[in-house]
Amino acid sequence: GWDKLNHAIAFAGPALAGLLARRRPGVRSATLLLAGLLAWGGLLELLQSRLPPRQGDWADLLADAVGLAVGAAAYVGLRRLRAVRRSSD
């Protein structure tokens, strides 16, 4: 159980940081960032499957995707919170 949670956390952080760091906010750049991070997770699983004591796991890739969704949701929440605070000033 902890392995999957670790995967989700490991991808939520970079997703949130990457979304916050973009110069051009928008759906296209967000999609490219998240797709790139998911591809990175897939590459890591493929590479692990080539190492004798390790094995790739589709469930790990799914946990990575869940982490990306959590990071994206946190980003949307932060943007909404910022908009609410600006409108109340």
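Residues numbered from 1 in each chain as written. Predicted model: local features only at pLDDT ≥ 70, side-chain atom pairs only at ≥ 80, totals over all residues. Heavy atoms only, no water.

Q: What am I meant to see in the environment of arginine 86 here?
A: Structurally, arginine 86 can be placed in helix 3 (residues 58-88). For the pair formed by arginine 86 and alanine 59, sequence separation is 27 residues and the distance between their alpha carbons is 41 Å. (Helix = DSSP H or I, 4+ residues; strand = E, 2+ residues; numbered from the N terminus.)

Q: Explain helix 3 here, please?
A: Because an α-helix packs 3.6 residues into every turn, residues spaced three or four apart end up facing the same way. Relative to the 45 Å expected for 31 residues at 1.5 Å per residue, helix 3 spans 45 Å between its end C-alpha atoms, a close match to the ideal helical length. Along helix 3, the residues classified as buried are Asp60, Leu61, Ala63, Asp64, Gly67, Leu68, Gly71, Ala72 and Tyr75. Taken together, the buried residues of helix 3 touch helix 1 (2-21) and helix 2 (27-49). With a side-chain oxygen lying 3.0 Å from the backbone nitrogen of alanine 59, the N-terminal cap of helix 3 falls on aspartate 57. (Expected span 1.5 Å × (residues − 1). Buried < 20%, exposed > 50% of the residue type's maximum accessible area, 1.4 Å probe, protein only. Contact = heavy atoms within 4.5 Å. Polar contact = N/O pair within 3.5 Å; in protein donor to acceptor, adjacent residues only side chain to side chain.)

Q: Even after reading the chapter, I still don't get helix 1, so can you show me in this structure?
A: Compared with an ideal rise of 1.5 Å per residue, which puts 20 residues at 28 Å, helix 1 spans 29 Å between its outermost C-alpha atoms and is within 8% of the ideal. Buried residues in helix 1 make contact with helix 2 and helix 3.

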